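Survey of secondary and tertiary structure
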Number of protein chains: 2
Amino acid sequence: MELLYKSVISEELKELEKSLLSSISSDISLATEISNYLLLSGGKRLRPALCILVSKALEYDGEDLIKLASSIELLHTATLIHDDVVDESLFRRGKESIHSKWDNAHGVLVGDFVYSKAFQLMASFKNPEIIRTLADSTNRISEGEVLQLSLKSQDLLEKDYFNIVDRKTAELFKAAVLTSGILASCESNTLLCLREFATSLGIAYQVQDDILDYFGDEELTGKKNGKDFQEGKFTLPVIMAMKLANSKDKSAMISLLQEGDLKKFPQMLDYLVEKNINSQIKETFTFYSTNCLESLEILPESPYKDALKDIVINLDSRLT
Amino acid sequence: MELLYKSVISEELKELEKSLLSSISSDISLATEISNYLLLSGGKRLRPALCILVSKALEYDGEDLIKLASSIELLHTATLIHDDVVDESLFRRGKESIHSKWDNAHGVLVGDFVYSKAFQLMASFKNPEIIRTLADSTNRISEGEVLQLSLKSQDLLEKDYFNIVDRKTAELFKAAVLTSGILASCESNTLLCLREFATSLGIAYQVQDDILDYFGDEELTGKKNGKDFQEGKFTLPVIMAMKLANSKDKSAMISLLQEGDLKKFPQMLDYLVEKNINSQIKETFTFYSTNCLESLEILPESPYKDALKDIVINLDSRLT
């Protein structure tokens with residue numbers, strides 16, 4: 001099954017691929033080669049899709065949409081490359097990460113190269129508000145990355161978690177739909193709703209990701225559970241459980257996470273189930289996904305609006 | 001002795017420091033702390049000084065000059081932070097490098113943070129040509145960094161060397177004086193001369209740096225010679241000598257560089273002196289520094305123009 005947006009904007013997504021390829025081309029063949037390695041490795045193009053769907057729903061018919069969508073995807077790609085260096089991740093989208101296939105230096109510098117290509121695209125917009133929105137987002141995303149470093153994971157509070165998610169995940173969703181709305185010259189009230197939609201979508205997206213890693217149906221998602229546990233990540237289910245735990249259980253959970261032994265994953269699950277985290281966290285998810293759908297109501301009816309709703313409704317399928 | 005520009009634009013340089021401090025401020029205190037650590041560690045502010053001197057020489061009297069100079073210095077700072085990660089350098093400006101005092105992750109992400117602050121400043125300019133010029137420069141600089149990775153050092157040709165220097169060193173000098181000229185609404189002929197000035201200055205600057213590491217007067221420069229040799233760098237003196245060497249001498253020089261043993265520095269010097277590199281490379285330097293001074297002639301007489309000339313004349317003092 002594929003999400004609706006893949007068919008509704010199939011032509012635009014094809015143009016996007018062409019635009020991405022040409023945006024990233026360079027005299028320096030190694031820069032193009034490595035950038036393409038990640039860029040063409042089957043990303044879902046969710047962020048540029050949001051950008052395209054919103055402009056289309058607002059009946060924008062100008063020339064700048066694919067360029068805008070491309071700059072959003074390039075910003076996302078640059079972030080992924082640097083994230084992999086920082087996390088020392090070995091894999092990305094089922095392939096070796098750039099940092100792992102080449103080295104640290106290539107990861108840092110090709111990430112910078114992709115950023116610079118995004119900025120060149122951004123700089124070409126006539127509307128200064130679009131440029132400023134994208135520059136501000138880039139700043140908030142990088143602040144989120146530094147914030148994450150500055151917090152010792154085991155002391156992470158829910159408010160810190162949501163602050164990080166707002167910057168690391170929701171921010172680029174916001175940039176995608178806000179700049180898309182600005183491009184379509186929409187009213188300020190619509191912009192407010194779009195911002196609300198993207199913020200809630202970003203949080204719902206990350207919360208669902210965290211839920212699935214503990215409680216997902218592996219047949220449905222096609223992914224093994226327990227990856228976050230193995231990496232010792234303090235994700236929302238863990239943060240919620242630690243808040244409710246006595247100090248003995250808290251220490252036990254911290255030890256389990258630090259060890260990250262997949263054989264002990266069921267023990268961690270027991271702690272979460274005992275504290276009823278499964279249903280509590282689903283309420284959090286439902287709150288944000290409902291808010292997403294409600295915020296979309298400002299848009300006039302169209303297949304594009306339906307495709308945006310479809311993204312929200314299918315958040316739990318990992319298709320996003 | 002100090003360079004003339006320090007007194008000629010002392011007020012502007014003070015404002016620059018204030019502007020840099022406020023530009024880099026952030027809700028995320030760790031981001032500000034680490035950025036300030038490098039930013040306030042006594043850089044010579046050569047690039048923003050070029051920017052300020054050119055605008056002043058062209059009688060610009062508007063408000064945007066310090067903002068422009070700040071964005072140039074922030075771009076430079078971000079590059080330095082990532083360079084230190086890539087080169088695994090332990091020191092920068094006599095202090096531990098960020099990468100070494102914190103770690104790799106902090107280096108990558110704080111570098112991104114400083115870039116994003118530069119982009120926010122850039123995005124605030126009304127003139128789109130300034131934004132585009134800075135974005136294009138950022139791209140050329142990052143291409144230069146990747147190009148350097150893609151070239152096996154021992155096969156480096158002079159043309160590759162000059163291509164890398166043009167992108168890695170001269171490019172930001174060009175961005176500084178071109179955007180400064182655009183800000184001052186100068187004529188296109190002046191812009192061409194400014195570009196020529198900055199290109200030649202960038203090359204002369206790097207060539208002089210390479211010369212001093214082998215042939216510098218340590219008492220005058222205050223630095224020990226042989227650092228490039230120790231790090232096994234194929235700098236211009238080496239590239240020139242290898243071009244003239246027979247295959248036996250070439251192999252010997254490559255071995256010396258790969259070993260990087262400072263006790264054998266005199267042996268390397270012997271090879272260079274024997275091939276008369278000292279005087280040959282000074283000719284190269286003189287060619288570019290003369291070109292610099294000639295390109296400046298387009299500017300009307302002023303203390304600012306004198307200060308620009310003074311920078312060129314004192315390139316061999318390491319004061320820059």
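These figures come from a predicted structure and were not determined experimentally.

1. Examining the overall build of chain A
Helices and strands together make up the secondary structure of chain A, namely 17 helices and two strands. In terms of overall dimensions, chain A is globule-like: its C-alpha atoms have a radius of gyration of 20 Å, near the 20 Å expected for 320 residues. Taking the principal axes of the C-alpha coordinates as reference, chain A spans close to 60 × 45 × 35 Å. For chain A, restricting intrachain contacts to residue pairs at least 6 apart in sequence, the fraction spanning at least 24 positions comes to 73%.

2. Remarks on the interface of chain A and chain B
Across the boundary between the two partners, chain A contributes 35 residues, which contact 36 residues of chain B. Counting residues per element, the ones that place at least two in the side of chain A that touches chain B are helix H3 (29-39), helix H5 (65-87), helix H7 (104-123) and helix H8 (128-150) of chain A. Per-element tally for the side of chain A that touches chain B: the top contributor is H7(A), with 14 residues. For the side of chain A that touches chain B, the per-class residue count stands at 18 nonpolar, 10 polar and seven charged.

3. What to know about the nonpolar core
One finds Leu53(A), Val177(A), Leu53(B) and Val177(B) to be the most contacted residues of the largest nonpolar core, which totals 198 residues. Residue-level mapping places this core at the junction of two domains, with at least three residues from each of domain 1 (11-151 + 165-185) and domain 2 (187-305) of chain A. Among residues more than four places away in sequence, those in contact with Val177(A) are Leu50(A), Cys51(A), Val54(A), Leu194(A), Phe197(A) and Ala198(A).

4. Focus: the relation of the copies chain A and chain B
Here chain A sits on chain B after a turn of 180° about the axis and a move of 0.0 Å along it, with an RMSD of 0.0 Å. Such values leave the two copies arranged in the relation of a two-fold axis. Residues of chain A ranked by C-alpha distance from the rotation axis are headed by Val108(A), positioned 3.4 Å from it. With an isologous cut-off of 70% or more, the 100% of interface residues of chain A that recur at the interface of chain B puts this contact in the isologous class.

5. With respect to the domain arrangement of chain A
Residues and elements named next belong to chain A. For chain A, the assigned domains read domain 1 (11-151 + 165-185) and domain 2 (187-305). Of note, the centres of domain 1 and domain 2, computed from C-alpha atoms alone, are 24 Å apart. Contact with domain 1, which involves 13 residues of that partner, is made by 17 residues of domain 2. When residues of the side of domain 1 that touches domain 2 are traced back to their parent elements, those giving at least two are helix H4 (46-57) and helix H9 (158-183). Considering each element in turn, the side of domain 1 that touches domain 2 owes the most residues, nine residues, to H9. Looking at the side of domain 1 that touches domain 2 residue by residue, the classes come out as eight nonpolar, two polar and three charged.

6. As for the confidence of the model for chain A
With 99% of its residues at a pLDDT of at least 70, chain A reaches an overall mean of 93. As a predicted assembly, this complex carries a pTM of 0.94 together with an ipTM value of 0.93.

7. Structural notes on the packing of H5(A) against helix H7 (residues 104-123) of chain B
Between H5(A) and H7(B), the shortest axis-to-axis distance is 8 Å and the interhelical angle comes to 155°. With respect to their mutual orientation, H5(A) and H7(B) come out roughly antiparallel. Handedness of the H5(A)/H7(B) crossing: left-handed. Residue-level contacts link His82(A), Val85(A) and Val86(A) of H5(A) to Ala105(B), Val108(B), Leu109(B) and Asp112(B) of H7(B). Here the residues of the contact of H5(A) with H7(B) sort into five nonpolar, one polar and one charged.

8. Observations concerning the environment of Ser26(B)
Structurally, Ser26(B) is set in the loop between helix H2 (10-23) and helix H3 (29-39). On the neighbour-count criterion, Ser26(B) (20 C-beta atoms within 10 Å) is buried. In this structure the C-alpha to C-alpha distance between Ser26(B) and Asp83(B), which are 57 residues apart in sequence, comes to 23 Å. The contact partners of Ser26(B), leaving out residues within four places of it in the chain, are Glu143(A), Ala31(B) and Thr32(B).

9. So, helix H9 (residues 158-183) of chain B
Over its 26 residues, H9(B) extends 35 Å from the first C-alpha to the last, a length consistent with the 38 Å expected when each residue adds 1.5 Å. If you look at H9(B), its biggest bend is around 50°, right at Ala170(B).

10. Quick word on the packing of helix H4 (residues 46-57) of chain B against helix H5 (residues 65-87) of chain B
Residues and elements named next belong to chain B. The contact between H4 and H5 brings their axes to 8 Å, and the two run at 155°. Considering the angle they form, H4 stands roughly antiparallel to H5. The element H4 and its partner H5 pack so that their crossing is right-handed. Here Arg-47, Pro-48, Cys-51, Ile-52 and Ser-55 of H4 lie close against H5, whose contacting residues are Leu-65, Leu-68, Ala-69, Ser-70, Ile-72, Glu-73 and His-76. Its residues assigned to classes, the contact of H4 with H5 shows seven nonpolar, three polar and two charged.

11. Remarks on the environment of Val108(B)
Structurally, Val108(B) is set in helix H7. Ignoring anything within four residues of it in the chain, the contact list for Val108(B) reads His82(A), Val85(A), Val86(A), Val108(A) and Val85(B).

12. Some points on unusual backbone geometry
One non-glycine residue, Ser185(A), lies in the positive phi region at around 50°. Here Ser185(A) is to be found in the loop between H9 and helix H10 (188-215).

13. Re the environment of Leu134(A)
Residues and elements named next belong to chain A. Here Leu-134 is to be found in helix H8. Note on Leu-134: 27 C-beta atoms within 10 Å, which makes it buried. Expressed as a C-alpha distance, the spacing of Leu-134 and Ala-176, which sit 42 residues apart in the sequence, is 8.6 Å. Setting aside residues no more than four positions away along its own chain, Leu-134 makes contact with Ser-71, Met-122, Ala-175 and Thr-179.

Definitions and cut-offs
Residues numbered from 1 in each chain as written. Chains lettered and ligands numbered in written order. Predicted model: local features only at pLDDT ≥ 70, side-chain atom pairs only at ≥ 80, totals over all residues. Helix = DSSP H or I, 4+ residues; strand = E, 2+ residues; numbered from the N terminus. Rg over C-alpha atoms; globule rule 2.2 N^0.38 Å. Contact = placed C-beta atoms within 7 Å. Nonpolar A, V, L, I, M, F, W, Y, C, P; charged D, E, K, R; others polar. Core = buried A, V, L, I, M, F, W, Y, C linked by C-beta atoms within 7 Å. Buried ≥ 20, exposed ≤ 12 C-beta atoms within 10 Å, placed from the backbone. Domains from an automatic or database assignment. Least-squares fit on C-alpha atoms with pLDDT ≥ 70 in both. pLDDT = per-residue confidence, 0-100. Axes fitted to C-alpha atoms, helices over the stretch in contact; angles between N-to-C directions. Parallel < 35°, antiparallel > 145°, perpendicular 65-115°, else oblique. Left-handed = near helix turned anticlockwise from the far one by under 90°. Expected span 1.5 Å × (residues − 1). Bend = angle between axes of the 7 residues up to and from the residue.

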